[in-house]
Amino acid sequence: MCKNEGSLKGKTIIFTGSSYPQEAAIKVEELGGEAVYLPLIETSIRQTEKPDFANYGWLIFTSRTSAQAFCQLHEDSVPKIAAVGEKTAEVLRTNGYSVDFIPYVFSADNFVKEFPAVAEGQKCLFIKGALAKNTIADMPIPVDEWIIYDTNLKLDNAQLLKDMKHQTIIFASPSAVSAYRKAGGDWKDAEVAAIGHITEKAIKDECGHIDFIPATYTYLDVVNEIAKGRCTE
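Within every chain, residues take consecutive numbers counted from 1 along the sequence as written. The predicted origin of the model limits local features to residues at a pLDDT of at least 70 and limits the giving and counting of side-chain atom pairs to 80 or more, whereas totals for whole chains, interfaces and linings rest on all residues. To obtain the side-chain values, all non-hydrogen atoms of the structure were used and water was disregarded.

In the annotation of an unreviewed UniProt entry, the protein is listed under the name Uroporphyrinogen-III synthase and assigned to Metaplanococcus flavidus. UniProt positions are given in the numbering used here, feature names are shortened, and annotations may be inferred rather than shown by experiment. The record in UniProt for the protein states the following under Function (unreviewed entry): "Catalyzes cyclization of the linear tetrapyrrole, hydroxymethylbilane, to the macrocyclic uroporphyrinogen III." Regarding the protein, the relevant UniProt record gives this comment under Sequence similarities (unreviewed entry): "Belongs to the uroporphyrinogen-III synthase family."

Asks: Residues and numbers for the packing of helix α5 (residues 155-162) against helix α6 (residues 174-182), please.
Replies: Relative orientation of the contacting elements α5 and α6 amounts to 65°, with a least axis distance of 8 Å. Here α5 lies roughly perpendicular to α6, going by the angle between them. Crossing handedness for the pair α5 and α6: right-handed. Along its contact with α5, which presents Leu-155, Ala-158, Leu-161 and Lys-162, the element α6 presents Ala-179, Tyr-180 and Lys-182. Three classes are used: nonpolar for Ala, Val, Leu, Ile, Met, Phe, Trp, Tyr, Cys and Pro, charged for Asp, Glu, Lys and Arg, and polar for all others, with Gly counted as polar. Of the residues that constitute the contact of α5 with α6, the class distribution is five nonpolar, no polar and two charged. To get an axis, fit a line to the C-alpha atoms, keeping to the stretch in contact for a helix; angles then go from 0 to 180 degrees between the N-to-C directions. Only DSSP runs of H or I covering at least 4 residues are called helices, and only runs of E covering at least 2 are called strands; the numbering of each starts at the N terminus. Any angle that is under 35 degrees is reported as roughly parallel, and any over 145 degrees as roughly antiparallel; angles of 65 to 115 degrees are reported as roughly perpendicular and all others as oblique. Should the near helix be turned anticlockwise from the far one by less than a right angle, the crossing is left-handed, and should it be turned clockwise, the crossing is right-handed. Residue contacts follow a heavy-atom distance rule, with two residues in contact if any of their heavy atoms lie within 4.5 Å.

Asks: I'd love a proper account of empty space enclosed by the protein, names of residues and values included.
Replies: In this analysis, the protein atoms alone were mapped onto a 1 Å grid. Cavities are point sets where a 1.4 Å probe fits without being able to get out; pockets are open sets with protein on both sides within 12 Å along at least five of seven lines; lining residues have an atom within 4 Å of a point. Grid points are joined across faces, edges and corners, and a volume is the space filled by probe spheres set on the points. A complete count under the given rule lists one cavity of 30 Å³ or more for this structure. In this structure, the largest cavity occupies an estimated 50 Å³ of space. Forming the boundary of the largest cavity are Leu-161, Lys-162, Met-164, Lys-165, Gln-167, Ile-169, Tyr-180, Asp-186, Lys-188 and Ala-190. Among the elements of the structure, α5 and β8 (167-171) are those that each provide at least two residues to the lining of the largest cavity. Here the residues of the lining of the largest cavity are counted per class, giving five nonpolar, one polar and four charged.

Here you go:
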């Protein structure tokens, strides 16, 4: 029988994304672990002329960061909105926008399979970061792209992380993986968690190992996955 199943007692969980995942960090503490926020990336909003949203039938968001940047524009009249993930949708809804489509699995790869039938050929605007992949733009429907933010690597934090031992590190983007590796991170003496199969692939491409990956791509789900995976007699 697993005495510590569902517990994080004695564990240090390191979050590496660009924004502090408050709900998940609280969950770590509730389960007896220590939550550490050590961002490996930071984002900055571009000061660019905004497009005419009236030209589009849909706006597409694949990250909380792009949604947060868009919400700072305080647009009153927008077309339909598609969002990848409940957390991205939550940002938009909190700022007064309706979200009309979310894919069943929270990933861009699944989005492009489901969304074209929903869009019905309408022109779309993908609001994205500079490092976002071409997955959305390659859909067989008209898609324009608008880069609303840039992503920078925080190599100073990555250097600190590289020197830590016996931690559980959560990576939520290929950019965070890149920062870790550029600082000399070698995956030794650490458990590794990935949010999303694209991040998983980035870790494996860098010769890393995956100890935890949730079926649903959220911080809270990966924390629960880590807690379930910790089992001692």
